[in-house]
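# Structural characterization, general
The residues making up each chain are set out below.
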Amino acid sequence: MKRRVLSAVYLTLALAAAMLLSMRPFTARATAQQAMDPPPVLMNTCLVTNDVNRLSAFYAKVLKTEPEKTGRDYVEFRTGAGVLAIFSAEAQEKYIPGSAKPGENHSAILQFKVNDVDQEYTRLHDIVQTWVKGPTNQPWGTRSIYFRDPDGNLVDFFTTLNSA
């Protein structure tokens, strides 16, 4: 009798598992496809500038870290999630002519997660020349400050608000 009950339980579990798997065939195929051909991963954001030293000095203060330098045309700031790179417009023009216009970005925002937006706002007060928006709670659940770097790129320092 005990063996029949166990067999029935195992059969029920197997049927339930089969039903769940049959309800998600597309997900299973998508996962298998992603394992064979994973989607692209953003690793690096590169700002092209006419003044690598000026922009590097700004981000060294803002990000509280020194960049890794590769010659006079390129530097990298390693963040927890990826790399912020700064590249000279002169070198960019040499490698890929006509591909970039430094200091003309009006559509992208560099976003950095920080522990305390208000503390960063105070710390950056003398470093940042152009403030776009002071500490503000956003409707999507973050508290942010927005400012421009010396080339005019928009930067967002944010922290996630507690939903409690």
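In this report, the structure presented in the accompanying data block is examined. (Residues numbered from 1 in each chain as written. Predicted model: local features only at pLDDT ≥ 70, side-chain atom pairs only at ≥ 80, totals over all residues. Heavy atoms only, no water.)

Taken as a whole and judged by the stated rule, the model has 9 aromatic pairs. Centre to centre, the rings of Phe 58 and Tyr 59 are 5.2 Å apart; their planes meet at 85°, and the pair counts as edge-to-face. Considered together, Phe 58 and Tyr 59 belong to a single accessibility category, that of buried residues. Seen in terms of ring centroids, Tyr 74 and Phe 87 are 5.9 Å apart; in terms of plane orientation they differ by 75°. Their pairing is edge-to-face. Pair noted here: Tyr 74 is in strand S3 (residues 74-78) and Phe 87 is in strand S4 (residues 83-88), with a separation of 13 residues, a long-range link. When its relative accessible area of 13% is taken as the criterion, Phe 87 is described as buried. What links up through ring pairs into an aromatic cluster is the set Phe 58, Tyr 59, Phe 77, Phe 112, Tyr 121, Trp 131, Phe 147 and Phe 157. (Phe/Tyr/Trp six-rings, centres within 6.5 Å; stacked < 30°, edge-to-face > 60°. Buried < 20%, exposed > 50% of the residue type's maximum accessible area, 1.4 Å probe, protein only. Helix = DSSP H or I, 4+ residues; strand = E, 2+ residues; numbered from the N terminus.)

Among the structural elements, Ser 88 can be located in strand S4. Taking relative accessible area as the criterion, Ser 88 reaches 7% and is therefore assigned buried.

Looking now at the sheet that holds strand S5 (residues 109-113). Strand pairing in a sheet relies on backbone hydrogen bonds. The paired strands run either parallel or antiparallel. Across the sheet, 4 strands lie side by side as S5-S8-S7-S6; this open sheet has mixed pairing. Unpaired on one side and paired on the other, S5 and strand S6 (130-137) mark the two borders of the sheet. Recorded for the sheet is a direction-independent mean angle of 15° between the axes of neighbouring strands. Bridge count for S5 against strand S8 (residues 154-160) is 5 bridges, and the pairing is parallel. The residue of S8 that forms the bridge with Leu 110 is Val 155. Helix-sheet contacts for helix H5 (residues 117-124) involve S6, strand S7 (142-148) and S8, and the interaxial angle to S7 is about 20°. (Pairing = 2+ DSSP bridges. Axes fitted to C-alpha atoms, helices over the stretch in contact; angles between N-to-C directions. Contact = heavy atoms within 4.5 Å.)

Among the structural elements, Asp 151 can be located in the loop between S7 and S8. On the basis of relative accessibility, which here comes to 12%, the residue Asp 151 falls in the buried class. Within the structure, the side chain of Asp 151 is placed 2.2 Å from the side chain of Arg 54, a separation counted as a polar contact. Beyond its immediate chain neighbours, meaning those up to four positions away, Asp 151 contacts Val 48, Thr 49, Asn 50, Arg 54, Leu 55 and Gly 103. (Polar contact = N/O pair within 3.5 Å; in protein donor to acceptor, adjacent residues only side chain to side chain.)

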